[in-house]
Amino acid sequence: MEESFKTLLLPYQQRIDRELHEFAPLPKLAALRDPIAYFFTLPGKHIRPLLTLITAEHFCNDYKEAVPAAVAIEVLHDFTLVHDDIMDDDHLRRGYQTVHTKWDIGTALLSGDAMIAMAYHKLLTAPSPHLMTMLEAFTDGMFVVCEGQARDKEFETRDGVSLNDYLPMIFQKTARLFVLAFELGYLSCSSDPRVLGALQEIGEHIGLAFQVRDDLLDFVADKKTLGKDAGSDWRRKKKTYITIGYQHKIKTNPQLPPNLFALKEFSAAKEAVIQAGVLDEAQHFIQERLEKADAIAASINFSHPVLHHLLKFLAERSY
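Conventions adopted
Position labels on residues start from 1 in each chain and follow its written sequence. In view of the model being predicted, local features appear only for residues whose pLDDT reaches at least 70, and side-chain atom pairs are presented and counted only at 80 or more, with totals across whole chains, interfaces and linings using the full set of residues. Just so you know, side-chain values use all the structure's heavy atoms and leave hydrogens and water out. In this description a helix means any DSSP run of H or I spanning at least four residues, a strand means any run of E spanning at least two, and both kinds are numbered starting from the N terminus. For the radius of gyration, the atom set is restricted to C-alpha positions; the globular benchmark scales as 2.2 Å times the number of residues to the power 0.38. Here, two residues are considered to be in contact whenever any of their heavy atoms come within 4.5 Å of each other. All accessible-area figures derive from a Shrake-Rupley calculation using a 1.4 Å probe, and residue coverage is judged against the displayed protein chains alone. Charge counting follows a simple rule: Lys and Arg are positive, Asp and Glu are negative, and His as well as the terminal groups are ignored. By convention, the charge on Lys lies at NZ, on Arg at CZ, on Asp at CG and on Glu at CD. When a carboxyl oxygen of Asp or Glu lies within 4 Å of a side-chain nitrogen of Lys or Arg, that pair is called a salt bridge. The rule is simple: take the accessible area with a 1.4 Å probe, protein chains only, and divide by the maximum for that residue type; under 20% is buried, over 50% is exposed, in between is partly exposed. The convention used is that axes are lines fitted to C-alpha atoms, helices contributing only their stretch in contact, and that angles between N-to-C directions extend from 0 to 180 degrees. The scheme is simple: roughly parallel for angles under 35 degrees, roughly antiparallel for over 145, roughly perpendicular for 65 to 115, oblique for anything else. Ten residues, namely Ala, Val, Leu, Ile, Met, Phe, Trp, Tyr, Cys and Pro, are considered nonpolar, four, namely Asp, Glu, Lys and Arg, are considered charged, and the remaining ones, Gly among them, are considered polar. For a crossing to be left-handed, the near helix must be turned anticlockwise from the far one by less than a right angle; the clockwise case is right-handed.

1. A word on the overall build of the protein
Then, in step 1: Helix and strand content of the protein: 15 helices and two strands.
Then, in step 2: By the compact-globule yardstick of 20 Å for 319 residues, the protein fits well, its C-alpha radius of gyration being 20 Å.
Then, in step 3: In terms of overall dimensions, the protein has a C-alpha envelope of 60 × 50 × 35 Å along the principal axes.
Then, in step 4: Counting contacts in the protein only where the partners sit at least 6 residues apart, residues at least 24 apart contribute 75% of the total.
Then, in step 5: Summed over all atoms, the accessible surface of the protein reaches about 14,300 Å², with 53% contributed by carbon and sulfur.
Then, in step 6: Across the protein, 35 positive and 44 negative side-chain charges occur, with their mean positions spaced 3 Å apart.

2. Some thoughts on the pattern of salt bridges
Then, in step 1: Within the structure shown, the criterion is met by 19 salt bridges.
Then, in step 2: Among the ionic pairs, Arg 194 bridges to Asp 192, the shortest N-O distance being 3.0 Å.
Then, in step 3: Given the relative accessible area of 22%, Asp 192 is considered partly exposed.
Then, in step 4: Here the residues in one salt-bridge network are Asp 88, Asp 90, Asp 233 and Arg 236, joined through shared partners.

3. Digging into the packing of helix α9 (residues 193–220) against helix α13 (residues 266–276)
Packed helix pairs are characterised by how far apart their axes lie and by the angle those axes make with each other.
Then, in step 1: Running from amino to carboxyl end, α9 crosses α13 at an angle of 125°, the nearest separation of the two axes being 9 Å. One way to sum up the angle between α9 and α13 is to call them oblique. Contacts between α9 and α13 pair Asp 218, Phe 219 and Val 220 from the former with Phe 266, Ala 269, Lys 270 and Val 273 from the latter.
Then, in step 2: Per-class residue counts for the contact of α9 with α13 are five nonpolar, no polar and two charged.

4. Observations regarding the packing of helix α3 (residues 47–60) against helix α4 (residues 67–88)
Then, in step 1: α4 packs onto α3 with a crossing angle of 160° between their chain directions and a minimal axis gap of 8 Å. Here α3 lies roughly antiparallel to α4, going by the angle between them. Viewed along their axes, α3 and α4 form a crossing whose handedness is right-handed. Taken together, the residues of α4 that come into contact with α3 (itself represented by Arg 48, Pro 49, Thr 52 and Leu 53) are Val 67, Ala 69, Ala 70, Ile 73, Glu 74 and His 77.

So far we have only geometry, and geometry alone does not tell us how the molecule works.
Shown next as structure tokens:
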């Protein structure tokens with residue numbers, strides 16, 4: 001990330017960090033409070049709340065009234081990560097122990113559940129005249145994300161998953177929260193359906209690009225930079241943009257290993273997807289989606305400087 005971009009992001013990230021560290025009401029019981037407080041201190045990009053804040057800042061001239069919504073969406077996202085780590089049996093998150101590893105599965109489940117309540121508690125303090133619409137969007141977003149995660153788990157044991165199956169699933173699992181980030185930022189001050197619809201489209205394109213970049217990073221990032229083990233999706237035989245694309249490639253290229261998941265070493269799997277050209281195709285998809293998001297933003301004069309730099313960062317990010 002460029003130093004100038006880091007400087008540009010700093011006041012927004014500091015505000016979100018401060019809100020998380022001072023969050024009330026944290027549970028009074030230490031057994032529940034400590035793992036939640038621990039997770040809130042883990043280093044994160046805070047991209048979703050950032051999008052909420054800059055949307056409000058651009059369309060409302062100030063992001064102050066969007067702070068409760070920004071914090072709520074970050075805490076909702078944190079809930080999904082705590083529970084995802086349990087389902088995927090991941091031991092690292094952002095370079096640190098996952099909650100269920102540091103404590104236990106029961107504690108992690110309860111911590112995630114409490115985070116949902118905390119997210120709603122925070123959102124209810126939003127001063128927007130459109131609070132009911134925001135709550136409806138928030139509830140729908142949470143339900144859609146859970147359904148997307150269920151589909152993702154279903155795909156792990158299902159043969160013949162295509163990109164036409166995969167892309168709607170990652171819209172639910174990942175992109176819906178990006179859509180929600182824009183929705184909540186805009187609804188903090190306005191509700192023009194024309195602009196709201198365009199913002200939802202921007203969120204969808206960014207969210208799809210974000211997940212496919214995650215899929216790509218699982219093959220090319222190093223553990224220290226990524227904050228978790230590279231190749232973890234491949235080891236769990238997960239269906240991703242990369243592994244699905246590879247299955248398509250072997251139909252026309254008999255020189256490729258016929259079963260990516262049967263390879264004994266991750267290095268061999270990485271070499272195979274590079275040889276197949278799947279990583280290049282994934283990066284093309286990412287760039288295409290981000291360019292569409294940029295074009296839609298231009299069409300509604302959404303010219304916030306953070307958004308411009310953020311789209312570039314998302315195309316090239318290494319973590």
